[in-house]
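Chain by chain, the residues run as shown.
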Amino acid sequence: MEPVRLGVLGCGVIGRKHVQVAADSPLLTPVAVADVRETVAHEVAEQHGVAQAYNSAEALFADPDVEAVVLALPTAGRYILALQAFAAGKHVLVEKPIGMSAAEVRQMIAARGDLISGCCSSRMRGLESAKAATEFITSGALGNLRVVRSRALRGAGEPPQNPPPPWRLNKAMNGGGILVNWGCYDLDYVLGITGWALRPRTVLAQTWNVPEAFSAYAAPGSDAEAHVTALIRCDDNIALNFERAEFVASATDEAWQVLGDRGALRLKMTPGASKQIWHDAATPRGVVSEVIWQGDEAPGSEHVYVLENFAQAVREQRAPRTSLEQALLVQQLTDAIYASAAGRAAVTIA
């Protein structure tokens, strides 16, 4: 296929990753980058052989050689840039989280028209293990689903050597903390591997900020959560148990599981070596466990998958792995979790 001519808005850590992936991929050609720090934009462009470097979104969107853009900058105000990109006729891949609220995502959907757009929260579902899990679960092999679990607690390591980024745990800049930084991957993952069949209705949640013992791990003025847990009741008597944390006083503990009335899957969301998916099957002899998939997944490959999937979607004129409509469901859950934690009560999703 003809490579998609890509522009990247934002030349921070993740923006640089997008430019690097595009430069190395046969499916994309990075033709322009933009950043308010003009010297940084020129540095990234020179490093990867990109023809144009701009200091504004408007200049990037006006470039006729750019047919698709990645919005790789902090969440606040990003939906406005998505609307401007659509108005300029550009396909749009939005970094995660998709927005600050479900209302923003609805505006993106309304403005998209016939253009292709999606969200980077799908990164982990590009992995081969996720594809194998999706095929197995959606085949009905587990029977009627009962419980979906996503738990990832990361204990604090050595204190940071550099100042923590000010946006990471900042509600105004980022829309929240660990829930939008990593929880959006978890929610996208469990919703996606179950075929987007879960219909969340009621959310009861709690959040906590960084413990005092680890205050050095957060930038001054940080006001967003570093630990979140939620019980989500879905249609068809399915429960989603979700927990995600960083900088906690705990050993690292990660587990993802999908449990039905005929069996369960145990798996890991993130890439790694010697990964396995375990199937626990209900049999007349009790539960019998076997490995149904195993393999190595290189860290960083998820960045390639999400960008190349977007490029293929543009060329094939189809939705990418996580469409704006699917990202809206993740955002609705995110909004409900924050509302429940703030109000100390269960919240209903319409």
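Up top is the structure.
## A look at helix 8 (residues 178-193)
Then step 1. Taking 1.5 Å of rise per residue, the 16 residues of helix 8 would be expected to cover 22 Å, and the 22 Å separating its terminal C-alpha atoms lies within 8% of that figure.
Then step 2. At C184, helix 8 shows its strongest bend, of approximately 35°.
Then step 3. The element helix 8 is largely enclosed, with a buried count of 16 among its 16 residues.
Then step 4. Directly beyond the C-terminal end of helix 8, a positive phi value near 75° is found at G195.

## A look at unusual backbone geometry
Then step 1. Going from K96 to P97, the amide bond is cis rather than trans, its omega being -5°.
Then step 2. Mapped onto the fold, P97 is located in the loop between strand 5 (91-94) and helix 5 (102-112).
Then step 3. In this structure, F247 is a non-glycine residue whose phi angle is positive, near 55°.
Then step 4. By the element assignment, F247 lies in strand 10 (residues 238-248).

## Let's talk about the sheet that holds strand 15 (residues 347-348)
Then step 1. Spatial strand order, 14-13-12-11-7-10-9-8-15: nine strands in an open sheet with mixed pairing. Of all the strands in the sheet, just strand 14 (286-295) and strand 15 have a single pairing partner and so form its edges.
Then step 2. Note that strand 8 (residues 200-208) and strand 9 (residues 227-234) share eight bridges and pair antiparallel. Bridging from a neighbouring strand, T207 pairs with V228 of strand 9.
Then step 3. Where helix 6 (residues 128-138) meets the sheet, its contacts fall on strand 11 (253-260), strand 12 (263-267), strand 13 (275-283) and strand 14, and the angle it forms with strand 13 comes to roughly 15°.
Then step 4. Those strands touched by helix 8 are strand 7 (145-155), strand 9, strand 10, strand 11 and strand 12, and its axis lies near 150° from that of strand 10.

## Some points on the nonpolar core
Then step 1. Counting residues in hydrophobic clusters, the biggest one holds 44 residues, and the most contacted among them are L187, Y189, V203, L265, L267 and I337.
Then step 2. It is helix 8 that contributes the most residues to this core, 10 residues altogether.
Then step 3. For I337, the contacting residues outside a window of four places in its chain are L179, L187, V203, A205, V228, A230 and F242.
Then step 4. Formed by 28 residues, the second largest nonpolar core is a distinct cluster that contains V4, L27, V306 and A311.

## Quick notes on the side chain of Q331
Then step 1. As for its position among the elements, Q331 is in helix 10 (residues 324-343).
Then step 2. In contact with Q331, other than residues within four places in its own chain, are I98, G99, M100, S101, A102 and V105.

## What about the packing of helix 5 against helix 10?
Then step 1. Taken N-terminus to C-terminus, the directions of helix 5 and helix 10 make an angle of 165°; their axes are 9 Å apart at the nearest point. The angle between helix 5 and helix 10 falls in the class roughly antiparallel. The element helix 5 and its partner helix 10 pack so that their crossing is left-handed. Between helix 5, through A102, V105, R106, M108, I109 and R112, and helix 10, the contact on the second element is made entirely by L324, E325, L328, Q331, Q332 and D335.
Then step 2. Per-class residue counts for the contact of helix 5 with helix 10 are six nonpolar, two polar and four charged.

## Details of the packing of aromatic side chains
Then step 1. Here the structure, examined in full by the defined rule, presents three aromatic pairs.
Then step 2. Both rings, one in W182 and one in Y185, keep their centres 5.2 Å apart while their planes meet at 70°; by these two values the pair is edge-to-face. A residue pair is termed a helical-turn pair when its members lie 3 or 4 positions apart in one helix, as W182 and Y185 do in helix 8 at three residues.
Then step 3. A relative accessible area of 19% places W182 in the buried class.
Then step 4. Arranged with centres 5.4 Å apart and planes meeting at 50°, the rings of Y217 and F247 form a pair that is tilted. With Y217 in the loop between strand 8 and strand 9 and F247 in strand 10, this pair connects stretches of sequence that are 30 residues apart. Here Y217 and F247 have matching classes, each one buried.
Then step 5. An aromatic cluster is present here, built from F214, Y217 and F247 joined pairwise through their rings.
Then step 6. K131 extends its terminal NZ or CZ atom over the ring of Y305, reaching a point 5.9 Å from the ring centre.

Rules used in this analysis
Residues numbered from 1 in each chain as written. Predicted model: local features only at pLDDT ≥ 70, side-chain atom pairs only at ≥ 80, totals over all residues. Heavy atoms only, no water. Helix = DSSP H or I, 4+ residues; strand = E, 2+ residues; numbered from the N terminus. Expected span 1.5 Å × (residues − 1). Bend = angle between axes of the 7 residues up to and from the residue. Buried < 20%, exposed > 50% of the residue type's maximum accessible area, 1.4 Å probe, protein only. Pairing = 2+ DSSP bridges. Contact = heavy atoms within 4.5 Å. Axes fitted to C-alpha atoms, helices over the stretch in contact; angles between N-to-C directions. Core = buried A, V, L, I, M, F, W, Y, C linked by side-chain atoms within 4.5 Å. Parallel < 35°, antiparallel > 145°, perpendicular 65-115°, else oblique. Left-handed = near helix turned anticlockwise from the far one by under 90°. Nonpolar A, V, L, I, M, F, W, Y, C, P; charged D, E, K, R; others polar. Phe/Tyr/Trp six-rings, centres within 6.5 Å; stacked < 30°, edge-to-face > 60°. Lys NZ or Arg CZ within 6 Å of the ring centre and 35° of its normal.

This is a description of form; function is not addressed.
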